[in-house]
Amino acid sequence: MSQAAPDRPLAALPAPALGSPFDWIDAEARRRADAGLVRTLRPRPAVPELLDLASNDYLGLTHHPDITAAAAGAARRWGAGATGSRLVTGTTELHAELERELAAFCGFEAALVFSSGYAANLAALTALSARGSLIVSDAGNHASIVDGCRLSRAETAVVPHADPDAVAKTLGAHPGRQALAVSDSVFSVDGDAAPLAGLAAACRAHGAALVVDDAHGLGVLGEGGRGALHAAGLAGDPDVVTTLTLSKSLGSQGGAVLGPARVIEHLVNAARTFIFDTGLAPAAAGAALAGLRLLRGEPGLAGRARAVAATLHARLTAAGLTAVRPDAAVVSVRAPSPEQAVKWAADCRAEGLAVGCFRPPSVPDGISRLRLTARADLTESQVDQAVATILRTSPVAVS
């Protein structure tokens, strides 16, 4: 390694001709603009101006007066913030109460609440694997699962979408290794459900654990909305762990991991996104608890969300559009191209309807689509309005 001569002061060395260390960002911005992939933030008003089929508020609880009152009450009692990590000052009686009721409702032995569903997935995957172990991950998994696999330092094998045989084959090729398979329960892009029974059988045949992200299943699938694991008869099994979010069906914010008590105790001691992250704000914990109690008291909400999804799918496909049959509350409608998908979504917005727009590179299959959220609180007239708007603005000829 070369060094400056000891008798020559460093100040006398010529300054390197360097630009800003962030000049490369300008080139990236131009590339995104040329590809039509620029993302922008659009603040929404407190009172919705559009009919919402874009959010993940599956049960329409975000503005429910019981939930907003619970959030306000928790903030007044416990303060606006958690004040520290859960292991220092960030745990309140409210957090513990939420964990107990969440585990009981979903059918698991124990639960641990995190500041987000993203943090929950990172925790489960990094703390339940290690260097030298194996993670088998579905090709359609959410970005938080992908990042958890990367951070785990385990070997990750990505297998074809919703294919238990591929999972079994991959596990069988690595006998004797500590291993787990991970999958979404309901995939957020197309709304299709994972074959959980087949995945569990594949894991058990090879002594592997099964980790399932039930973010889009809680509140929509299972008896009274208890989730996809409950529906599949896997809730509470000693080799199954589930992660979920509090920010979709429960109308709040945050995430959780549910599973055997010894797994949850291990996460408390080993999961970095639990140990070093500020705890979930009391207002969010209070709102989530209120949302959970509403769901428990109104078990028909889950079925209503699924019924709205089925209606949207049936009416749009009958008119000639191509849509994936929904297994939960997400309806994915194909668009001819990324440009037309963006225009379609913008045209819907201009006519008072908010819809999601997914396109490459966010979708690995390269297929652009509108993503519609079927909410339990949508009225028949609102469903009529949504269908009419989507058909009227469609870039595809419809009947």
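Criteria and thresholds
Residues numbered from 1 in each chain as written. Predicted model: local features only at pLDDT ≥ 70, side-chain atom pairs only at ≥ 80, totals over all residues. Heavy atoms only, no water. UniProt positions renumbered as here; feature names shortened; annotations may be inferred. Helix = DSSP H or I, 4+ residues; strand = E, 2+ residues; numbered from the N terminus. Buried < 20%, exposed > 50% of the residue type's maximum accessible area, 1.4 Å probe, protein only. Polar contact = N/O pair within 3.5 Å; in protein donor to acceptor, adjacent residues only side chain to side chain. Contact = heavy atoms within 4.5 Å. Pairing = 2+ DSSP bridges. Right-handed = clockwise from strand over helix to strand, strands pointing away. Axes fitted to C-alpha atoms, helices over the stretch in contact; angles between N-to-C directions. Arc of directions from axis to C-beta. Left-handed = near helix turned anticlockwise from the far one by under 90°. Nonpolar A, V, L, I, M, F, W, Y, C, P; charged D, E, K, R; others polar. Parallel < 35°, antiparallel > 145°, perpendicular 65-115°, else oblique. Core = buried A, V, L, I, M, F, W, Y, C linked by side-chain atoms within 4.5 Å.

Caption draft 1: Main features of the UniProt feature "domain: Aminotransferase class I/classII large" (unreviewed entry) in the chain. Feature annotation in UniProt places "domain: Aminotransferase class I/classII large" (unreviewed entry) on residues 49-390, given in this structure's numbering. Taken end to end, residues 49-390 comprises 42% helix and 16% strand; its first and last C-alpha atoms sit 17 Å apart.

Caption draft 2: Structural view of the side chain of Thr389. Relative to the assigned elements, Thr389 resides in helix α14 (residues 380-393). The exposure class assigned to Thr389 is buried, which follows from its relative accessible area of 2%. In this structure the side chain of Thr389 is engaged in a polar contact, spanning 2.8 Å, whose partner is the backbone oxygen of Gln385. Those residues in contact with Thr389 that sit more than four places away from it in its chain are Cys348, Glu351 and Leu353.

Caption draft 3: Fine view of the pairing of strand β10 (residues 353-358). Of the pairings in the sheet, the one linking strand β1 (residues 51-53) to β10 comprises three bridges and is parallel in character. Residue Asp52 lies in a different strand from β10, and its bridge partner there is Ala354. For β10 and strand β11 (residues 369-373), the ladder comprises three bridges, and the chain directions are antiparallel. Note on β11: the bridge partner recorded for Gly356 is Arg371.

Caption draft 4: Representation of the pairing of strand β6 (residues 209-213) within the structure. Across the five residues of β6, four count as buried, placing the element largely inside the fold. Relative to β6, strand β5 (residues 179-184) is paired through five bridges, and the arrangement is parallel. The partner of Ala181 across the bridge, within β6, is Leu210. This β-α-β element, β5 to helix α7 (residues 196-205) to β6, shows right-handed connectivity. Summarising the sheet, β6 and strand β7 (residues 240-245) pair through four bridges and their orientation is parallel. Within the sheet, the bridge partner assigned to Leu210 lies in β7 and is Val240.

Caption draft 5: A look at the sheet that holds strand β4 (residues 155-159). Sheet architecture is open: seven strands sit in the order β2-β8-β7-β6-β5-β3-β4, paired in mixed fashion. Looking at the sheet topology across the chains shown, the edges are occupied by β2 (110-114) and β4. Taking the axes of each pair of neighbouring strands and ignoring which way they run, one obtains an average angle of 20 degrees across the sheet. The strands touched by helix α6 (residues 164-172) within the sheet are β3 (134-138), β4 and β5, with β3 carrying the most contacts at an inclination of about 165 degrees. Those strands touched by α7 are β5, β6 and β7, and its axis lies near 155 degrees from that of β6.

Caption draft 6: Inspection of helix α5 (residues 143-152) at higher detail. Every buried residue belonging to α5 is among Ser144, Ile145, Gly148, Cys149 and Ser152, and all of these are buried. Buried residues in α5, looked at end-on, bunch into an arc of 140 degrees, giving them a common side. Residues of α5 that are exposed and point more than 90 degrees away from the buried face comprise Arg150 and Leu151. Where α5 is buried, its residues touch α4 (117-127), β3, β4, β5 and β6. Residue Arg153 follows α5 closely and has a positive phi angle near 70 degrees.

Caption draft 7: Just the packing of helix α2 (residues 65-78) against helix α11 (residues 282-297), in detail. Taken N-terminus to C-terminus, the directions of α2 and α11 make an angle of 145 degrees; their axes are 7 Å apart at the nearest point. Considering the relative orientation of α2 and α11, their crossing is right-handed. Contact residues: Asp66, Ile67, Ala70, Ala71, Ala74, Ala75 and Trp78 in α2; Pro282, Ala283, Gly286, Ala287, Ala290, Gly291 and Leu294 in α11. Taken together, the residues of the contact of α2 with α11 break down into 11 nonpolar, two polar and one charged.

Caption draft 8: Fine view of unusual backbone geometry. Geometrically, the link from Pro360 to Pro361 is a cis peptide bond, its omega value of 5 degrees lying close to zero. Its location among the elements puts Pro361 in the loop between β10 and β11. Although it is not a glycine, Thr83 adopts a positive phi angle of roughly 75 degrees. Checked against the element boundaries, Thr83 lands in the loop between α2 and α3 (93-106). For Thr83, a relative accessible area of 65% corresponds to the exposed category. You will see that Arg153, though not glycine, has its phi angle at about 70 degrees, which is positive.

Caption draft 9: Structural view of the packing of α6 against α7. Between α6 and α7, the least distance of the axes is 9 Å, while the angle of their chain directions is 10 degrees. Considering the angle they form, α6 stands roughly parallel to α7. For the element pair α6 and α7, the recorded crossing hand is right-handed. Only Gly198, Leu199, Ala202 and Cys203 of α7 make contact with α6, whose side of the interface consists of Pro164, Val167, Ala168 and Leu171. In terms of residue class, the contact of α6 with α7 is built from seven nonpolar, one polar and no charged.

Caption draft 10: Up close: the nonpolar core. One finds Leu53, Leu102, Leu210, Leu246, Val333 and Leu372 to be the most contacted residues of the largest nonpolar core, which totals 90 residues. Residue contributions to this core peak at nine residues, all from α11. Residue contacts for Val333: discarding those within four places in its chain leaves Leu316, Leu321, Thr322, Ala323, Trp344, Ser368, Arg369, Leu370 and Leu372. Leu112, Leu125, Ala154 and Val257 belong to the second largest nonpolar core, which has 23 residues in total.

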